[in-house]
Amino acid sequence: LQLELTSSDANQFVTIANAFEPAQKYIQQYEPLLTGELTFNGKLTGNLEAPVVEGDLRAASVGAKDALLGALSAKLFVTPAALVLPAASVLPFVPV
């Protein structure tokens, strides 16, 4: 299943991810923060008991546990056993 998500409220991605049981432990542990614009282009494979999600994620602002870090660009690979970011970068905010 091809997935293409675009949102002006990046936190919606966390809400969607929380619907998948394998993602829930990561969300509880790291308390991810996503704000602003978000795009995800990827695919969902496997079955409902063992879904695999992989693709490209871009978020205007990302952080964890109430600390915003910067803009995120990442390859994302999620299985029931692991959350892997094989290529990710967080660019710090530039003061205006």
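Residues numbered from 1 in each chain as written. Predicted model: local features only at pLDDT ≥ 70, side-chain atom pairs only at ≥ 80, totals over all residues. Heavy atoms only, no water.

S.K.: Break down the overall build of the chain for me, with residues and values.
M.R.: Of regular secondary structure, the chain possesses two helices and five strands. Listed by position from the N terminus, the elements making up the chain come as β-α-α-β-β-β-β. The C-alpha radius of gyration of the chain comes to 13 Å, within 12% of the 12 Å expected for a compact globule of 96 residues. Each of the three principal axes of the chain carries a C-alpha extent, and together these read 45 × 25 × 25 Å. (Helix = DSSP H or I, 4+ residues; strand = E, 2+ residues; numbered from the N terminus. Rg over C-alpha atoms; globule rule 2.2 N^0.38 Å.)

S.K.: An account of the sheet that holds strand β2 (residues 32-46) is requested, with residue identities and associated values reported.
M.R.: Through backbone hydrogen bonds, the strands of a sheet pair up, either in parallel or in antiparallel fashion. With antiparallel pairing, the five strands of this open sheet are ordered in space as β1-β2-β3-β4-β5. At either end of the open sheet lies a strand with only one pairing partner, and these are β1 (2-7) and β5 (83-92). When strand polarity is set aside, the average angle formed by the axes of neighbouring strands in this sheet is 15 degrees. As defined by bridge partners, strand β3 (residues 51-64) adjoins strand β4 (residues 67-78) across 10 bridges and the pair is classed as antiparallel. Residue pairing for β4: Glu54 is matched across the bridge by Phe77. Contacting β2, β3 and β5, helix α2 (residues 21-30) crosses the sheet at an angle of about 160 degrees to β2. (Pairing = 2+ DSSP bridges. Axes fitted to C-alpha atoms, helices over the stretch in contact; angles between N-to-C directions. Contact = heavy atoms within 4.5 Å.)

S.K.: Can you break down the packing of aromatic side chains residue by residue, with the values?
M.R.: Tallied over the entire structure, the rule returns one aromatic pair. On the basis of an interplanar angle of 40 degrees and a centroid distance of 5.6 Å, the ring pair of Phe13 and Phe40 is categorised as tilted. Of this pair, Phe13 sits in helix α1 (residues 11-17) while Phe40 sits in strand β2, and the two are 27 residues apart along the sequence. Phe40 gets classed as buried once you look at its relative accessible area, which sits at 1%. (Phe/Tyr/Trp six-rings, centres within 6.5 Å; stacked < 30°, edge-to-face > 60°. Buried < 20%, exposed > 50% of the residue type's maximum accessible area, 1.4 Å probe, protein only.)

S.K.: Hey, could you go over the pairing of β3 for me, with residue numbers and the actual values?
M.R.: Residues in a regular strand point their side chains to alternate faces of the sheet. By the bridge criterion, 13 bridges tie β2 to β3 in an arrangement that is antiparallel. Across the sheet, the residue bridging to Gly46 is Pro51, located in β3. Hairpin connection between β2 and β3: a loop of four residues separates the two successive antiparallel strands. If you look at the hairpin formed by β3 and β4, you'll find two residues sitting between the two strands, and Lys65 has a positive phi there, around 50 degrees.

S.K.: Explain α2 residue by residue, including any values.
M.R.: In an α-helix, one full turn covers 3.6 residues, which means residues spaced three or four apart are oriented alike. Where α2 is concerned, the buried positions are Pro22, Ala23, Tyr26 and Ile27. An end-on view of α2 places all buried positions within 125 degrees of arc, on one side of the element. Turned more than 90 degrees away from the buried face of α2 sit Glu21 and Gln28, all of them exposed. Those residues of α2 that are buried lie in contact with α1, β2, β3 and β5. Positive phi shows up at Glu31, right after α2, with a value of about 45 degrees. (Arc of directions from axis to C-beta.)

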